[in-house]
Amino acid sequence: MKQEMKKQLHFARLRRLVLAMALCLFGSVATFANDYNVLIIQFADGTTQSYVLETRPKVTFDSRNLCVQSPYVDDKYEYENVKKFVFETHDLSGIQTVKGGECRLTLIGGNSATVSGLETGLAAMLCDTAGRKVQTTKADAAGTVSFNLQGLPVGTYIISLSSGKSFKILKH
């Protein structure tokens, strides 16, 4: 009888161990699924441009530009102005706040585009490729503008800031 109880206790412990391992595995998969790709471009003038995207953007070079492409972004920067670029992966809680001199485009899920690191009150427009204004807004007290992309037709859009900075985004 004691032998049978020991066996049952051993199997109960083994089941708990397997269950705990499964929970750890699924927990780490869920954490990995929430990681986002961050591309950070540092310029010779000391400013920084960063992108927070679901997929890792492709960085290529043409005759004079560093080109950033992903399913949602298609931007170019003259590479003579680029000091360096790096890729990082973070969950959203691990992505640090925008630093001085940094401008950050966040595009997750394709339903909204957010630009952070702006001066309060800076004007921003979302335009289609024909130059028609789709949405206009101003940076809030935190230096952020957001554009709702839901309901917009599939296509290419330009986020244009009154500071002269712009981003080409792709709506699917």
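Every value quoted in this text rests on a predicted model; they were computed, and no experiment measured them.

Definitions and cut-offs
Residues numbered from 1 in each chain as written. Predicted model: local features only at pLDDT ≥ 70, side-chain atom pairs only at ≥ 80, totals over all residues. Heavy atoms only, no water. Helix = DSSP H or I, 4+ residues; strand = E, 2+ residues; numbered from the N terminus. Polar contact = N/O pair within 3.5 Å; in protein donor to acceptor, adjacent residues only side chain to side chain. Contact = heavy atoms within 4.5 Å. Pairing = 2+ DSSP bridges. Axes fitted to C-alpha atoms, helices over the stretch in contact; angles between N-to-C directions.

Colleague: Tell me about the side chain of Gln 49, and name the residues and values.
Modeller: Its place among the elements puts Gln 49 in strand β2 (residues 48-53). A polar side-chain atom of Gln 49 sits 3.2 Å from the main-chain carbonyl oxygen of Cys 103. Beyond its immediate sequence surroundings of up to four residues, Gln 49 is in contact with Leu 39, Ile 40, Ile 41, Phe 43, Tyr 77, Cys 103, Arg 104, Leu 105, Lys 165 and Phe 167.

Colleague: A description of the sheet that holds strand β13 (residues 166-171) should follow, citing residues and the corresponding values.
Modeller: Judged by pairing direction, the sheet is antiparallel, and its four strands sit side by side in the order β10-β9-β12-β13 without closing on themselves. Strands with a single pairing partner mark the edges of an open sheet, and in this sheet they are β10 (133-138) and β13. Recorded for the sheet is a direction-independent mean angle of 20° between the axes of neighbouring strands. Pairing geometry for strand β9 (residues 123-128) and β10, over five bridges, is antiparallel. Residue pairing in the sheet places Met 125 in a bridge with Thr 136 of β10.

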